[in-house]
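# Geometric and topological summary
Residues per chain are reported as follows:
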Amino acid sequence: MRSRDAVALIALVLLGSFMIMSVLPLANMIRPFGEPVNPEMDDYIITHAQNETGANNAVTSVVFDYRGFDTLGEATVLFTAVAGVILILRRYAHG
Amino acid sequence: MDETSKIIKTVSSVMFPFVTIYGLYVILHGHLTPGGGFQGGAIVASGCALLVVAFGSDAIAKRVKESQLSLLESIGALGFISLAFVGIATTFFYNSLAGTKFLFGRIPPYGSNPGYLSSGGLLPLMNLAVGTKVIAGLFAIVLILAIATRKKGGRSK
Amino acid sequence: MIYNIPYIAVIILIMVGLYAVVFKRNIIKMVMGITIIESGVNLFLVTLGYRAGGVAPIFTNLPEERQIPGQLVLPIPQALTLTSIVIGVAVLALMLALAIQIYRQYKTLDVTKIRRLKE
């Protein structure tokens, strides 16, 4: 048990140090904070969302209009979770 | 089962309408201000969770059955899908109500504006449908978790 | 260096969550660790979409001097983060329901004592 804990701790420390190293500026693996990569599609959405959907909130127009299928899947996941919780716990609630 | 004190019950009864109205405001103004169906539904469901904590799960379960909540959630999901089918003449999820003369059909002027409630096309209706769904779903989850973790245990055991 | 601080916060959150998942024995604490990892991932998504000096992409009462595409943050990562948060709530509810079921079955929440699966 003790040796397994030591191995897990070493693995965690290694993973954390690799992630820290990848973020440092000298590694040059990630764009600095505040300069997003490839924002052309977002620029199109910000520019055209008001005329195309009529909504002031660009995030709402992405959630319900441009990426509506994504929200459909999300609603399905929520429905499935409620069904699963009721299925698991129903016999404790009503006998 | 331990009863909560009178202070908790009174304050929750007073706070519950305000929490509900704030959540409905967040749902209804989802296309103008930060928020939307999911966030406002979570606010209203947290108000319902306040009632469950204050009055006990048995008193709430006498009034509300989770089968009713499940039915309400199904109504919200079906409303969302049928609103998506409204624009099927062009594509699925096409916002066919924007730019027309009907309710919610107004196109706001480009750039900064004070915000008009009657704009956004199908988006406010979809916000309402998803808000109904999230209220019912989260309240059902909270209610059945509270019922299943009572002190006495379920009637079957 | 200073402008990579949010990424380091993401790494700290994920590491704290992984520590709780790997080393804790109580199931409730492991569920809390999974939720902390999920918060780290959500923060990572929002951080990727930030644009220097930007405000939220909402045109209601936006200040007039803002340049329209240039000084607003990206909307798509925020929408995906919204999806991720709702899915996280669903997964959390399922995990807690299974934890309640395990407690009813074995009368304990210690993962080293739930090993006796044959009974």
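Fair warning: this is a prediction, and the values are worked out from it, not measured in the lab.

## Looking at the overall build of chain A
- Counting its secondary structure elements, chain A contains 4 helices and 0 strands.
- The linear arrangement of helices and strands in chain A, starting from the amino end, is α-α-α-α.
- Relative to the 2.2 N^0.38 estimate, which gives 12 Å for 95 residues, the radius of gyration of chain A is 23 Å and therefore markedly larger than a compact globule would have.
- The principal-axis extents of the C-alpha atoms in chain A amount to approximately 60 × 60 × 15 Å.

## Let's talk about unusual backbone geometry
- Phi at Asn38 of chain A is positive, roughly 50 degrees, even though this residue is not glycine.
- If you trace the backbone, Asn38 of chain A turns up in the loop between helix 1 (2–23) and helix 2 (40–53).
- Since its relative accessible area comes to 57%, Asn38 of chain A is described here as exposed.
- Residue Asn61 of chain C is not a glycine yet carries a positive backbone phi of 55 degrees.
- Topologically, Asn61 of chain C is positioned in the loop between helix 2 (27–48) and helix 3 (75–106).
- Overall, the relative accessible area of 57% leaves Asn61 of chain C in the exposed class.

## Section: the interface of chain A and chain C
- Taken together, the contacts link 45 residues of chain A with 46 residues of chain C.
- Here chain A and chain C share an interface that buries about 4200 Å² over both sides, 77% of which is from carbon and sulfur atoms.
- For the pair chain A and chain C, the interface holds 1 salt bridge.
- Taken together, chain A and chain C are joined by 8 residue pairs in polar contact (both at pLDDT 80 or more).
- For the side of chain A that touches chain C, the secondary-structure elements that each account for two or more residues are helix 1, helix 2, helix 3 (58–66) and helix 4 (68–94) of chain A.
- Looking at which element gives the most residues to the side of chain A that touches chain C, the answer is helix 4 of chain A, with 11 residues.
- In the side of chain A that touches chain C, the residues fall into 29 nonpolar, 7 polar and 9 charged.

Parameters at a glance
Note that residues are indexed from 1 along each chain, following the sequence as it is written. Here the convention is simple: chains get letters from A, ligands get numbers from 1, in the order in which they are written. Only residues with pLDDT of at least 70 get local features here, since the model is predicted, and only at 80 or more are side-chain atom pairs given and counted; chain-wide, interface and lining totals rely on the full set of residues. The side-chain values count all of the structure's non-hydrogen atoms but skip hydrogen atoms and water molecules. Only DSSP runs of H or I reaching four residues or more are called helices, and only runs of E reaching two or more are called strands; each is numbered from the N terminus. What the globule rule says is 2.2 Å times the number of residues to the power 0.38, and the radius of gyration is computed from C-alpha atoms. Think of it in three bands: residues with accessible area under 20% of the maximum for their type are buried, residues over 50% are exposed, and the middle band is partly exposed, with areas taken using a 1.4 Å probe on protein chains only. Any two residues having at least one pair of non-hydrogen atoms within 4.5 Å are treated as being in contact. We define buried area as the total accessible area lost by two parts upon association, computed with a 1.4 Å probe and summed across both. In the sections that follow, a salt bridge refers to a side-chain nitrogen of Lys or Arg positioned within 4 Å of a carboxyl oxygen of Asp or Glu. Whenever a nitrogen or oxygen atom comes within 3.5 Å of another N or O atom, the pair is scored as a polar contact, on the condition that within protein one atom can donate a hydrogen and the other can accept it, and that pairs from neighbouring residues in sequence are kept only if both atoms are in side chains. Charged means Asp, Glu, Lys or Arg here, nonpolar means Ala, Val, Leu, Ile, Met, Phe, Trp, Tyr, Cys or Pro, and polar covers whatever is left, Gly included.

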